[in-house]
Amino acid sequence: MALRMSSLFVRTQKEDPVGAEVASHKLLHRAGYIRRSAPGIYTWLPLGLAVLGKIEAIVREEMARAGSQEVHFPSLLPAEVYKQSGRWEAFGPDLFSLQDRKKNDYILAPTHEEFFTLLVKDLYSSYKDLPLSLYQIQTKYRDEARPRAGLLRGREFIMKDAYSFDIDDAGLDASYEAMRVAYLRAFARLGLPCLPVKATPGAMGGSGTEEFIYPSEVGEDTFVRSAGGYAANVEAVTSIVPDPIPFDGIPAAHVEDTPDTPTIETLVAAANADHPREDREWTAADTLKNVVCALTHPDGTREVIVIGLPGDREVDLDRAAGTGMLSTGEVDLEAATAEDLAMHPELVKGYIGPGLDLDHPVLGLEGSTKLRYFLDPRIVPGTRWITGANEHGKHVFDLVAGRDFVSDGTIEAAEVVIGDPAPDGSGPLELARGVEIGQIFKLGRRYAEALDLTVLDQNGKTAAVTMGSYGLGVTRVMACIAEEYHTEAGLLWPQHLAPADVHIIAAGKGEDIAEAAEALTADLEAEGVSVLLDDRTKVSPGFKFADAELIGIPTLIVVGRGLADGVVEVRDRFADDKRELPLAEVVPTTVANVRAAYARAAAAGDAAVVEDSIEAAIDDAEAAAASAEAESAPKA
Ligand code: ATP
Ligand code: MG
């Protein structure tokens, strides 16, 4: 049934919603797709649901193609299971929680790993039942600290979440790959440019994860990429580690007076003035800076730690916290406060160092402070440093890593800087912004173990199942499509995602115009092409055009004055093309164009997978060539 503007439940708005910053938020509101109900919570109107339904249909098709079966869980769930898995605490204030009349704790689910695990545990018991992949498209709740930008970051939003269950690692790898391909296909079919970027598992744990990023200035995620195709979340970038340097011939460490040098800048100036090098100037990169930080563990305990990194680098606390190196579970890392420092008077502010020799360390668990000491991976054995001598106004020179000091572990804690080399050698890194539209995880056995999901394996022994989890933000994706496809005047949906295939405007008062528009509508609908007909009689053509531009259906048919000469105007808003067609040609031409657009979108899914496999093949070939080169190089 055609949609009719005379009766459709829509009132377009002239004004942007209060506080709206991004185009998708403004336009989805103004064009009458969504209405705000509360901060980060939206009501869906008919046009919004029409587009959402098309997005969901594509996601469903790709899930089915990947062998995943649809189920549906409640949003309202007993909190008990989330307490058992540790996520009642891990989600903290992001969790919407409530109590029933018997005072039992409930939550509005932020994601469903626990309940999928329990469902499979309930029904399956043998390795023969596996592999299994299940998914749902479901409303999620997260009390986000900063809901923003309309659908981009809601407190209620729709997610597609899938979960895979395998008996072994090879099975998990295959399930993960199938989902990865499904994501590439789905985003390509949705017309969204997207980049799979390496990420860090963080609190979820597990062995591998990628985020799918829609590159856009409106995004809150920073990622890096190289011209050669490397892409990673800032937290997942690994530094290129130099080879260790033999200690032979490096002079012994020596302490020097460096009065009034509490900063790297003052230290470098003093070193060049009073203790010059023969071969070149000292630079900040020659200094080892030791930053005191406060770590809050998931159980709430606070620990002071020290991170050592080259003095020309800033510490990136999020990156350090995201490595998962510092504790099990999600941690909070911040610069140490005056109170933290007051608890450790042995740390001489501005002159902190690891100590002068291995037998009497100052930092590290073996040291006099017993504070855990972590080092940037570039500080390899044999590198020489100027660093604090733990005495006011003194620094030590020629302190050699591995010879004079060691750490409790290396950690990627240094800020990634534009121009840093990509870890795979594919060129310098540039920083870019984007929106996370999906994330896929190899979870491993964490949830299976926490909730006791086991099956009998090939040998009749009990074995924990290994799992993957795969999220895709359906409503966020819709906002991203609106970001990608709009004009000054309004939305401009890809043809196959528009709320109707064709927008017909009856532009003029005559009976014949109304009748011709009705006839075109009926003929198109009979061919399976859906129509939004602007049949309003008391609205001027100018208003109708403005609404059509706002609503964003790319194919526009205008039945107006030309009808007297037997022609109708057909506009392709994407191609910015306007032509007059004889009335008899309108239906066959439009049907063909619309069908071609759907076919192109389907083909884009296939193309994305081919492209990805070509890229992977190139990467493999390059890696093989590089390792062959390394093989043939003379051994040092
Ligand atoms: P973010 O870092 O943006 O908060 P996340 O990493 O917490 O997202 P996941 O737990 O990985 O999100 O959820 C899977 C997907 O759900 C995300 O990739 C994203 O597309 C979507 N999503 C997450 N939070 C929101 C939200 N508040 N509003 C809309 N979509 C969201
Ligand atoms: Mg994520």
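From a predicted model like this one, the values you see are computed outputs, not experimental measurements.

From N to C terminus, the protein chain includes 14 helices and 29 strands. Structurally, the protein chain occupies a C-alpha span of about 100 × 65 × 60 Å along its principal axes. Residues classed as buried in the protein chain amount to 50% of the 636 residues present. Partitioning the intrachain contacts of the protein chain with sequence separation of at least 6 by distance along the chain shows that 70% fall at a separation of at least 24. Here the protein chain holds 60 positive side-chain charges and 102 negative ones, and the gap between their average locations is 7 Å.

A few words on the layout of surface pockets. Empty space among the atoms becomes visible once a probe the size of a water molecule is rolled across them. Roughly 1,200 Å³ of internal volume is contained in the second largest pocket. Of all the elements, helix H14 (residues 583–632) adds the most residues to the lining of the second largest pocket, at twelve residues. Here the residues of the lining of the second largest pocket sort into 21 nonpolar, eight polar and twelve charged.

Under the domain assignment used here, the protein chain contains domain 1 (32–72 + 108–220 + 427–482), domain 2 (252–414) and domain 3 (491–592). On a C-alpha basis, the centres of domain 2 and domain 3 stand 69 Å from each other.

Neighbouring residues of ligand 1: 15 residues in total, closest Arg142, Glu144, Arg153, Gly154 and Glu436. One of the side-chain N or O atoms of Arg476 is found 3.0 Å from an oxygen atom in ligand 1. Relative to its free-state accessible area of 580 Å², ligand 1 is covered by the protein chains to the extent of 83%. Mapped by element, the contributors of at least two residues to the shell around ligand 1 are strand E9 (156–166), strand E21 (429–444) and strand E24 (466–473). A per-element tally of the shell around ligand 1 places E21 first, with four residues. Each residue belonging to the shell around ligand 1 can be placed in one class, and the counts come to five nonpolar, five polar and five charged.

Looking at the element boundaries, Ser24 is found in helix H1 (residues 23–30). Residues Ser24 and Leu134 lie 110 residues apart in sequence; the distance between their C-alpha atoms is 31 Å. In this structure, Ser24 is in contact with Ala479, Ala482 and Glu483, ignoring residues within four places of it in sequence. Polar contacts involving the side chain of Ser24 include one to the side chain of Glu483, which spans 2.7 Å.

Helix H11 (residues 474–484) packs onto helix H2 (residues 46–65) with a crossing angle of 110 degrees between their chain directions and a minimal axis gap of 10 Å. In this view, H2 runs roughly perpendicular relative to H11, as classed from their interaxial angle. Contacts between H2 and H11 involve Gly48, Val51, Leu52, Ile55 and Glu56 from the first element and Val474, Thr475, Val477, Met478 and Ile481 from the second. The residue inventory of the contact of H2 with H11, partitioned by class, reads seven nonpolar, two polar and one charged.

Now for unusual backbone geometry. Going from Leu130 to Pro131, the amide bond is cis rather than trans, its omega being 0 degrees. Mapped onto the elements of the fold, Pro131 is located in the loop between helix H5 (113–123) and strand E8 (132–141). For Lys103, which is not glycine, the phi dihedral falls at a positive 70 degrees. Along the chain, the position of Lys103 falls in the loop between strand E6 (96–99) and strand E7 (105–108). The exposure class assigned to Lys103 is exposed, which follows from its relative accessible area of 61%. Not every positive phi belongs to a glycine, and Ala149 is a case in point at roughly 60 degrees. Mapped onto the fold, Ala149 is located in the loop between E8 and E9. By relative accessible area, which is 9% here, Ala149 ends up buried.

What follows concerns the nonpolar core. Buried together is how nonpolar side chains tend to be arranged in soluble globular proteins. The biggest cluster of nonpolar side chains holds 59 residues, and the ones touching the most others in it are Leu28, Tyr33, Tyr183, Ile437, Val477, Ile481 and Trp493. Shared between two domains, this core holds at least three residues of each, these being domain 1 (32–72 + 108–220 + 427–482) and domain 3 (491–592). Ignoring any residue separated from it by four or fewer positions in sequence, one finds Ile437 in contact with Phe187, Leu192, Cys194, Phe212, Tyr214, Leu472, Gly473, Val477 and Cys480.

Quick look at the sheet that holds strand E15 (residues 288–296) now. Taken in spatial order, the four strands of this open sheet run E17-E15-E16-E18, and their pairing is mixed. Edge positions in the open sheet fall to strand E17 (332–335) and strand E18 (372–375), since each of these has one partner strand only. Put simply, the sheet's adjacent strands are angled 35 degrees from each other on average, direction ignored.

The subject of this paragraph is the sheet that holds strand E26 (residues 531–534). Judged by pairing direction, the sheet is mixed, and its six strands sit side by side in the order E1-E26-E25-E27-E28-E29 without closing on themselves. Across the chains shown, the open sheet's two edge strands, defined by having one partner strand only, are strand E1 (3–4) and strand E29 (577–582). In this fold helix H13 (residues 541–551) packs onto strand E25 (502–506), E26, strand E27 (555–559) and strand E28 (567–572), with an angle of close to 170 degrees to the strand it touches most, E25.

On to the pairing of strand E12 (residues 221–226). Relative to E21, E12 is paired through six bridges, and the arrangement is antiparallel. Each bridged residue has a counterpart across the sheet, and for Arg225 the counterpart in E21 is Glu430. As paired elements, E12 and strand E13 (residues 231–233) share three bridges and run antiparallel to each other. The residue bridging Val224 from the neighbouring strand is Ala232, located in E13.

Quick look at helix H7 (residues 264–274) now. Within H7 the residues assigned to the buried category are Leu267, Val268, Ala270, Ala271 and Asn272. Elements that come into contact with the buried residues of H7 comprise strand E19 (384–388) and strand E20 (394–400).

Conventions used here
- Residues numbered from 1 in each chain as written.
- Chains lettered and ligands numbered in written order.
- Predicted model: local features only at pLDDT ≥ 70, side-chain atom pairs only at ≥ 80, totals over all residues.
- Heavy atoms only, no water.
- Helix = DSSP H or I, 4+ residues; strand = E, 2+ residues; numbered from the N terminus.
- Buried < 20%, exposed > 50% of the residue type's maximum accessible area, 1.4 Å probe, protein only.
- Contact = heavy atoms within 4.5 Å.
- Lys, Arg positive; Asp, Glu negative; His and termini not counted.
- Charge placed at Lys NZ, Arg CZ, Asp CG, Glu CD.
- 1 Å grid on protein atoms, 1.4 Å probe; cavity = no way out; pocket = protein on both sides within 12 Å on 5 of 7 lines; lining within 4 Å.
- Points joined across faces, edges and corners; volume = space filled by probe spheres on them.
- Nonpolar A, V, L, I, M, F, W, Y, C, P; charged D, E, K, R; others polar.
- Domains from an automatic or database assignment.
- Near = heavy atom within 4 Å.
- Polar contact = N/O pair within 3.5 Å; in protein donor to acceptor, adjacent residues only side chain to side chain.
- Areas by Shrake-Rupley, 256 points an atom, 1.4 Å probe, with all protein chains shown as cover.
- Axes fitted to C-alpha atoms, helices over the stretch in contact; angles between N-to-C directions.
- Parallel < 35°, antiparallel > 145°, perpendicular 65-115°, else oblique.
- Core = buried A, V, L, I, M, F, W, Y, C linked by side-chain atoms within 4.5 Å.
- Pairing = 2+ DSSP bridges.

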